Amino acid sequence: MATGPAVAPDNMMERRMSNESLVRAKAENAENSNGVRINSGHMLYGEELEEFCSQRGLCPLCGKVKIKRKSFKLFKKSKWENLTVKSRTTGKYKVYKGYCLSEGCFSLDQVRRITGTKGIPNAQRPRYPKRWSSEEDNYPLGDDDTVFSLTQQEEHRFPPEELKEELRQNPRQVDDRIPLTIVQATIRELSTNESITLLDLSTVAIRTCDMRMLVSFFEENVFLRTLTLENCRMDDEQATLLGGGLEAASDMPLTKLYLKCNLIGDLGMESLCNYLESSSTLEKFDISKNECSSMGGVKIFKALSHNPLAKIVALNMSHNKIWDLDEDHVGVRTFLAKNTTLRVLNLEGNYIHAEGVKSIAKGIISNTNGSLERLYLGFNTIGDDGAIILANVLERNSTLTYLGLVQNAIGNPGAKALLSALDNNKTISEISGLWRNNIDRRFIVVAIRRLLLASDRIAKRRRQPEDPKEIVRKAPPPRVSYPVVPREEPKKEPQNPPEDEIAVSGDVGFGSLSYAPSIGASSSVLSQVTPDGFPVVVQSVQPLQNGSRNGTSSMNGSMSPKKSPKRDPNLPLDRLTIFQSAPLTYFDKIAGAHRGIPLIDYREEEMVVTQSLSHSVDSTIEVSIKTATPANLSSFLQEKDNRVLHFSCHGHRDYIPLETGFGLLHILPYEGLAKLITVNGSNLHTVFVSSCHAHSIGQAFVKAGVKHVICCEREDNFQDPVASEFIQVFYQALARDLTLLQAFDSAKKSVAASMHATNKRNLSKRFRLLPEIPEVENFHKVPVFFEGMPPQSPLGIWKRLPQLPQLPKHFLGREVDMYDILQALRVEDMVRINGPPGHGKDSVVAALADYAVLRAEFFAVDGVFWLPPMPGVVPVKDSLYGDLCQCVATLQDAPDDIWDNNERLMECRDRIDIEMEHMKPLLIVDDSLISFVSTGAQTGFERFLSHLMNGSAAKVIKVMSGGETSSHLSTNSRVSSTSKLEEPCFEINPLDFRSTAKLYGGISNFISSSGCPAAHTAAEFAELAEPPFITRISMPSSVVSQRRSDLYARMGSGIPAATVAIAQGQSKKAFIELIKIANIPEVHVDTLGALEKTLEKMTRERTAAVKERNYLRALDLDKIIEEIQEMRPEFPTLEELKMEEEVLKADLAEAIGDKNYDDAASIKKDLLLLKKKISRERTNDNGDTAVEATDRMDEVQAQIKNMIEDVRLENLDQAVTFVIDGVDGAKCSFVIEVGEVHDFQPTYTANGIVVWANESCALGGNPMHDKLLEKGGPALVNDIQSLPIVVKTGHGPVRCGTGNAVIVGPEQYGKLGTPCLILAVGPLSPHNSEDAADGESDTLHHIKMMLRSSYRSTLILARHAGLQGLALSLLTTRKTGKAYRETVQMGLQTLVEEAQFCTVKQYQVMASSPNEASLLAGLMAEMGYPRLSAKTYEL
């Protein structure tokens, strides 16, 4: 029974309503104010303020005081708990039940009344109302906007508001032939008062007679500058009169015309467009909120583009019915391409789709003199495609400062495109409305917001003039979600902090420093490469002291700088700076997604370099390690004491790949590098490049002026032991004070004899010393260190975090996962990593944690703690990590919740609180290592983590053991599997096909031991499994074929653990079956026409295979043909596509007729996609199209060019000899001459010849085979026919598959001078008569792969047979064109590479003509092998 005083129901309801009004009023007051300034100094508004406060538990009114704390839940949804905080000195509440009691927020009485604890028993507590800010208020739509509605700022205006009010109070005149009184008064006043420059008849219902009277006066007025007729109920008839009158009044200097909120359609717009086409004074035109359709919109743009005197500055066409902006490629595209005055364009609230955005983009990009600054596209349907197009505009535009995109159905791909574009655009300062789209990855929006608030952009905004006459209004206050904290010197703590400051003030939180400019530190050093490729240098970067590589860390037991040993000050000192560029992703605009960039084990390389240089005895060589951002690179080049650079990256042949610091690629063109080095006056003397494209990058450094460049070309793997050994020996030699040339030669010799070099091919190309100046013998005989002044800048070297799991030797394919998780951690307090066992969750988390720590100046990570510790990791006692591990062990073994009543635990907690007070740690909770004995133990552990997250700026990564829930509890405690997770959860999916192939190829012993002729390295196997033409498809995962599916399943289906197990334990038989599948050509079709062409081609090849007795190849082609035929129902015919097009056109017309413009925009998008499909189908259906004709013409021109080059070749009518060095010091000779293999006169006794045959090994059918059989006699025929049959097919027997070889002999075969004969089966006819079109990259790739396998199989047999001399000819296509040259080059290159490992001492390469002999000799010279004049060479 209630004991309180009775309250009347009406009174209670009244008081409840007053409580809700109180909260609403508080929010409205904050909304009406100019936002809330948080501790960082930034202003937050609306959604951004709400988001900022809700994620940090701060008061949503002041944004500073913490009113809630997070309660961590291990398996369920984490929750927020309300705080109640009292002052220790005054005893007054600072926070009460989740409400802030600071001045301007709430009083204690108000809160008690709201929460129902005073006056109203059991009253329901209302929530804080959401403070959504109206998007329209921030756009130029309303009367308060200074772009289009400047009526409030004009001084000389008429009529006054009193006349309008009088008209509203008096009834309208009945006679429509007599103008309104206010119109008559207006005309009289304008006739007598020449000072009136603004006519504002807004809200006056203008009739036809009124408009006639107005326009009759326009011809006589020469003073009117602004005409405002907003909300006047004007229709097409009045608009037609107005347009005609304005056009006739050529002397009226009208600059502003506002026609907002009327009923003007396309007919009235046509008359107004006549005026637009002739006006030379109009600057602002507002036709928003009318009935204008696409026709009227296009007319406006046409009229303005046809007016050479147009001075239009601001154009508002928002909230009409426009969905097409171009008609026959004329409209907004031509207008924006020509216009140089427009600064504001508003197209909000229409039905614009991606095609319309493409028209806008083409116009902006093609206009190099454009001045467009603000573009409003909100409330349209541009989608991800439109956002990607706009991202392309931002990358190439330098005038846009504002982009409005509210409610545009933009998803994650479009948002990622915009985020990627900001790396190349430094002028855009606001992209509004992203929150109100379909972007479910919140961290993407936050990352964009923070980049837009970078210090350089803010500085640009602050430098903008505050001129009230500025044509374009100032941008609305930035709607920030999470502000940037400007980098400052560490603030000193006050000597006597007040004891009553218990409430925690709002902080930007973990990762706040990461939203400094994306190029590096807080000061933008190298903001962007300008259009001419020149990097802009602003100022140098100050090293951080918060745990980055460039500073020091106070962490204990997690990450600590390796203290340099005390050195003798009298010893010389020098330094090597290691720049490591490890971008995780780049943005693919075509696919609309991030693509991964393979990681390299930079930790290992860093350790090798550091340990090698530590061997210096009489000197000290320091090692400084930096992240290769443009900012850091510019700062490094400015320091005159930096002479030696070690640059590590994955690499690219066309540019220097740097990184932003947050995982994105930053491209530095080669010419930009040269200008950057020149501008900074760098003393850079020596550069070591470790990269997969080291030679291209090394040449760029040489062209930039660096005197000495060492190129170490890595394999495309996570670890490269050969490259590591070269680096180790090289730097050890330099530490011993050897010259550069001596160190290089020593490292190269060591690698040549290394046990790691199982594939010692192209070692001379992998390791180079640039520039290559043979005429200057002593050019590189120079010392590297101790030739300049000692370094002065601070040094920091870091060791690997000991508690993280060791990364596997082959870590690949997870770069995009790492990037997404790291971006989420910049925003979220906790993320969860899920995935089935064997997917490599621990490896992904360990790699991203290590990545973040090495970039602590960007991610603001002070340390990483893996809880519980990994097996084998013993934390240091009394260290921070030791205390954390002790707490975990104590809590998980407790029979109940002991968080508050265990003395030992409380002591440990106090030590942790002290050490983590100013830290920003990353806690990794591994579900697989946790086992609770009770629900109380789980509760205590959750309270422990909640304490860490609330007491410090800690982030948590929860590694799930295989689902959203875990079952480590006893049977008395079950976690509901249906509970949704508040935190973002990332699923670690199987690896993609190419990554799986690389992982398998890197581990398989059959490949790494060079035992498989089809592939000797992981990269070769990946190229065989997934041809380059598949990789170039925007979405390779969309390619589905039986071959691809079989390979994927046999390699473990993308599950790393399964792939490793298969590669390590696979039998030889299973491996051979896998290679057979990989040797089948890959086919991909996307239209019915392409399907029919491919089917025709495969059928033709199958017929030729049977005729040539390549029966296995015919069987493979049968399977491909059957698979292609099964795909036919998936592709509609051209007639069916046309019928579908007609249906969509009818639906579109109906939607427009019914004014369902949303449906019309969707149908239009589908129609455009269908038209593209029809266009592709027509191209494939018509063999005589212009595209194919052009391709044929290009092929003919290429053949003519090759024929001209053939004429220029030296006709070799005598043999030429080249010498090749083997791996063990042995040498062999390559003799090139014109002739046939059966005429080979060997120098050695053990010799053989190579004959190109078919799969049945049946010789004959061409003159060369006939002569060979004639000379070999019956013995040769019998031995060939005695070869074992591998497979019996319906067509005939198979003795050797394509890509392999068999050998007969040794035997005396008639008149042949060789005892052994190797029959090699290649992918081409032995007659060398097949054609391969230069444009058929897929066919040519398969030919080259099979050719390489054939040559390798041949030399493997020659080595096993102990042959010393070998004669062969090259298998090629028809003797002309690009395909012919590529097959010749592939054959010769493979022979040269394999010859270094073969016992053969003499290779007799028989050319079919003098031109071919000249081509072979030229290729040998290009590969760097010396040419001798004599035919024979004594080995």
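My aim in this report is to walk through the structure given alongside it, one point at a time. (Residues numbered from 1 in each chain as written. Predicted model: local features only at pLDDT ≥ 70, side-chain atom pairs only at ≥ 80, totals over all residues. Heavy atoms only, no water.)

### Considering the sheet that holds strand β6 (residues 93-96)
Piece 1. Spatially, 3 strands are ordered β5-β6-β7 in an open sheet, and the strand pairing comes out antiparallel. Of all strands in the sheet, those bounded by a partner on one side alone are β5 (85-86) and β7 (99-100).
Piece 2. Pairing of β6 with β7 involves 2 bridges; the strand directions are antiparallel. The residue bridging V95 from the neighbouring strand is C100, located in β7. (Pairing = 2+ DSSP bridges. Helix = DSSP H or I, 4+ residues; strand = E, 2+ residues; numbered from the N terminus.)

### A few points about the sheet that holds strand β34 (residues 921-926)
Piece 1. Taken in spatial order, the 5 strands make up an open sheet running β33-β34-β35-β32-β36, and their pairing is parallel. The open sheet has two edge strands with one neighbour each: β33 (863-867) and β36 (985-987). For this sheet the average axis-to-axis angle between neighbouring strands, irrespective of direction, equals 20 degrees.
Piece 2. Pairing geometry for strand β32 (residues 830-834) and strand β35 (residues 955-959), over 4 bridges, is parallel. (Axes fitted to C-alpha atoms, helices over the stretch in contact; angles between N-to-C directions.)

### Side note on the packing of aromatic side chains
Think of a pair of aromatic rings as described by two things: how far the centres are apart, and how the planes are tilted against each other in angle.
Piece 1. For the structure on display, the rule yields 25 aromatic pairs.
Piece 2. Ring geometry for F662 versus F858: centroids 5.5 Å apart, planes at 80 degrees, classification edge-to-face. Taken together, the residues F662 in the loop between β27 (655-659) and β28 (665-669) and F858 in helix α25 (residues 856-859) connect sequence positions 196 residues apart. Residues F662 and F858 agree in their burial class; the two are buried. (Phe/Tyr/Trp six-rings, centres within 6.5 Å; stacked < 30°, edge-to-face > 60°. Buried < 20%, exposed > 50% of the residue type's maximum accessible area, 1.4 Å probe, protein only.)

### Focus on the side chain of R814
Piece 1. With respect to the helices and strands, R814 occurs in the loop between β31 (767-770) and α23 (815-825).
Piece 2. For R814, a relative accessible area of 4% puts it in the buried group.
Piece 3. Of note is the side chain of R814, whose polar atom sits 2.9 Å from the backbone oxygen of H839.
Piece 4. Once you skip the residues sitting within four places of it in the chain, R814 turns out to touch H839, V844, I988, N989, P990, L991 and P1056. (Polar contact = N/O pair within 3.5 Å; in protein donor to acceptor, adjacent residues only side chain to side chain. Contact = heavy atoms within 4.5 Å.)

### Quick look at the packing of helix α26 (residues 880-892) against helix α28 (residues 935-951)
Piece 1. Contact geometry for α26 and α28: axes closest at 8 Å, N-to-C directions at 155 degrees. What the angle tells us is that α26 and α28 run roughly antiparallel. Of α28, the residues touching α26 (which contributes L884, C887, V888, L891 and Q892) are A937, G940, F941, F944 and L948.
Piece 2. Class assignment of the residues belonging to the contact of α26 with α28 gives a composition of 8 nonpolar, 2 polar and no charged. (Parallel < 35°, antiparallel > 145°, perpendicular 65-115°, else oblique. Nonpolar A, V, L, I, M, F, W, Y, C, P; charged D, E, K, R; others polar.)

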